[in-house]
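Reading the structure
Each chain, letter by letter, is given below.
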Amino acid sequence: MQRRNAIENSVRNTGGGEATLPPYTDLLWPTVQAVIELGGSGVIEEIDSAVIARTGLTEAAQAVLHGDGPGTEIEYRLAWARTYLKGMGLLSNTRRGVWSVTERGRAVRESEIKPMQVAYTAEKRRKRLVRNVSQGAQVVSLAAAPEDPELWREPVLGAVADLSKDGFERLVTTVLRAAGFTTLTIPAPGGSHPAGHVEGTGVLRVSLLSFSVFFRFVRAPEQAGAEVVREFRAAMVGRGEKGLLVSTGSFTDDARAEAHRNGAPPIDLVDGDGLCDLLKEHGLGVRSTVRTVEDVALVPAFFTELSGR
């Protein structure tokens, strides 16, 4: 495992040389300390600069792009670190783009970081397995897949949460156009829709048919209940044949039932995981690389035949 980490963290910089970057797990403690040193809170740029200063990263390492850019690899890994620290209860970002240390974060010791990260990751895996079982999905044994293949969604959602208001609106239009929407109309800022929402109308063409769709994208970490769906349906009246409600959080079972209640206009729900899948499908801020995995298994019959048994 140590050799594997060394290979992963030796990456090419923009000058064609090699640069070594720490994994996000090694950035957890420096990030907490950087936020504390900043007075308990800071914007992303301040925190990134403070962590880079604490870790002594070279200019070559800072110049390494994540994929084809424009963001850097260290910015990507620091976003991942902040997302994990939030899940571990050590950081919070109550305001978009502003991160604060919690009381638990102020009290945590460096020796406690790794066990907390391991416990948090294990709990996420457990919840995902429970969710997959409840939804009838195929469950992959953790023994066969020791690395969680879904961890990529967390930094993606963190990056979405950190977007400016205008940036989030541009993300919405980019996603919808990539998915096949045309004639997008989004009201000017300051309209009647709630803060943190981007909503509007568009036309979706599917084969020979086209539909007018009223959509709303919401940045919210919490679960959305049935009342959120009912409020959206009320706003949808006269604005589209179909409804699309997207949240960076999740939806309760009651919300999903309300979305397809008999006698009411159906509404398609897309949660945070679904949004990440859309970004991945269309290559929007997410790059996937297919790896070949070799499975090696013992064939006992071969050795039995050699023994003449």
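Residues numbered from 1 in each chain as written. Predicted model: local features only at pLDDT ≥ 70, side-chain atom pairs only at ≥ 80, totals over all residues. Heavy atoms only, no water.

Notes on the overall build of the protein
Operational definition: Strands here are runs of E lasting at least two residues and helices are runs of H or I lasting at least four, both read from the DSSP assignment and numbered beginning at the N terminus. Exposure categories follow from relative accessible area, calculated using a 1.4 Å probe and restricted to protein chains: below 20% of the type maximum is buried, above 50% is exposed, and the middle band is partly exposed. Two residues form a contact once any of their heavy atoms are found within 4.5 Å. For every accessible area listed, the method is Shrake-Rupley and the probe measures 1.4 Å; residues are considered covered only by the protein chains on display.
Scanning the protein from terminus to terminus reveals 13 helices and 12 strands. Out of the 309 residues belonging to the protein, those deemed buried represent 39%. Long-range contacts, defined as pairs at least 24 residues apart, comprise 58% of the intrachain contacts of the protein with a sequence gap of at least 6. Working note: accessible area of the protein is about 18000 Å², and carbon and sulfur atoms make up 54% of it.

Focus: the pattern of salt bridges
Between side chains of opposite charge, a pair can form when the charged atoms approach closely. Which entries qualify depends on this criterion: Salt bridges are counted wherever a side-chain nitrogen of Lys or Arg sits within 4 Å of a carboxyl oxygen of Asp or Glu.
Scanning the entire structure with this criterion turns up 14 salt bridges. Residue R77 pairs with E73 through a salt bridge whose shortest N-O separation is 2.8 Å. In this pair, R77 and E73 both sit in helix 5 (residues 73–87), four residues apart, roughly one turn of the helix. For the pair R77 and E73, one class covers both residues: buried. The closest approach of N and O atoms between E199 and R216, which form a salt bridge, is 2.7 Å. Of the two residues, E199 sits in strand 7 (residues 197–206) while R216 sits in strand 8 (residues 209–218), which places them 17 residues apart along the sequence. Note on accessibility: E199 and R216 belong to one class, buried.

Some details on a nonpolar patch on the surface
The test is simple: In this analysis, a patch consists of residues with relative accessible area above 30% that form no salt bridge, clustered at 9 Å for like charges and at 5 Å for the nonpolar side chains Val, Leu, Ile, Met, Phe, Trp and Tyr.
Residues L298, V299, F302, F303 and L306 make up a contiguous nonpolar surface patch of about 560 Å² in total accessible area. Examined against the element boundaries, L298 turns out to sit in the loop between helix 12 (272–281) and helix 13 (300–306). Using a relative accessible area of 64% as the deciding quantity, one classes L298 as exposed.

Observations concerning helix 3 (residues 44–55)
Here is the rule we go by: Multiplying 1.5 Å by the helix residue count minus one yields the expected span of that helix.
When the terminal C-alpha atoms of helix 3 are compared, their 16 Å separation across 12 residues agrees well with the 16 Å that a helix rising 1.5 Å per residue should span. Those residues of helix 3 lying buried are I44, I47, D48, A50, V51 and I52. Check the buried side of helix 3 and you find it contacts helix 2 (28–37), strand 3 (41–43), helix 4 (59–62), helix 5 and strand 5 (98–101). Downstream of helix 3 by one or two residues, G56 has phi in the positive range, about 65°.

Some words on the sheet that holds strand 6 (residues 181–185)
Which entries qualify depends on this criterion: Two strands are counted as paired when DSSP detects at least two bridges linking them. To obtain an axis, a line is fitted to C-alpha atoms, over the contacting stretch when the element is a helix, and the angle between two such axes runs from 0 to 180 degrees between their N-to-C directions.
Spatial strand order, 6-7-8-10-12: five strands in an open sheet with mixed pairing. The strands lining the two open edges of the sheet, one partner per strand, are strand 6 and strand 12 (267–270). The mean inter-strand angle of the sheet, taken between neighbouring strand axes irrespective of direction, is 25°. Pairing of strand 10 (residues 242–247) with strand 12 involves four bridges; the strand directions are parallel. Bridge pairing in strand 12 links G243 to I267. Here helix 12 sits on the sheet and contacts strand 8, strand 10 and strand 12; the angle it forms with strand 12, its principal contact strand, is near 80°.

With respect to the packing of aromatic side chains
In plain terms, the rule: Stacked, edge-to-face and tilted labels apply to pairs of Phe, Tyr and Trp rings (six-membered ring for Trp) whose centres lie within 6.5 Å, assigned for plane angles under 30 degrees, over 60, and everything in between, in that order. The criterion for a charge sitting over a ring is simple: Lys NZ or Arg CZ within 6 Å of the ring centre, and within 35 degrees of the ring normal.
Tallied over the entire structure, the rule returns seven aromatic pairs. A ring pair is formed by Y24 and Y84, whose centres lie 4.9 Å apart and whose planes are at 55°; its orientation type is tilted. Within this pair, whereas Y24 is found in the loop between strand 2 (18–20) and helix 2, its partner Y84 is found in helix 5, the two being separated by 60 residues in sequence. The pair formed by Y24 and Y84 is uniform in burial state, with each residue classed as buried. For the ring pair Y84 and Y120, a centre distance of 5.3 Å and an interplane angle of 85° mean the geometry is edge-to-face. Of the two residues, Y84 sits in helix 5 while Y120 sits in helix 7 (residues 110–134), which places them 36 residues apart along the sequence. With respect to burial, Y84 and Y120 carry one shared label: buried. Sitting over the face of the ring of F168, R219 holds its NZ or CZ atom 4.4 Å from the ring centroid. Sitting over the face of the ring of F211, K242 holds its NZ or CZ atom 5.1 Å from the ring centroid.

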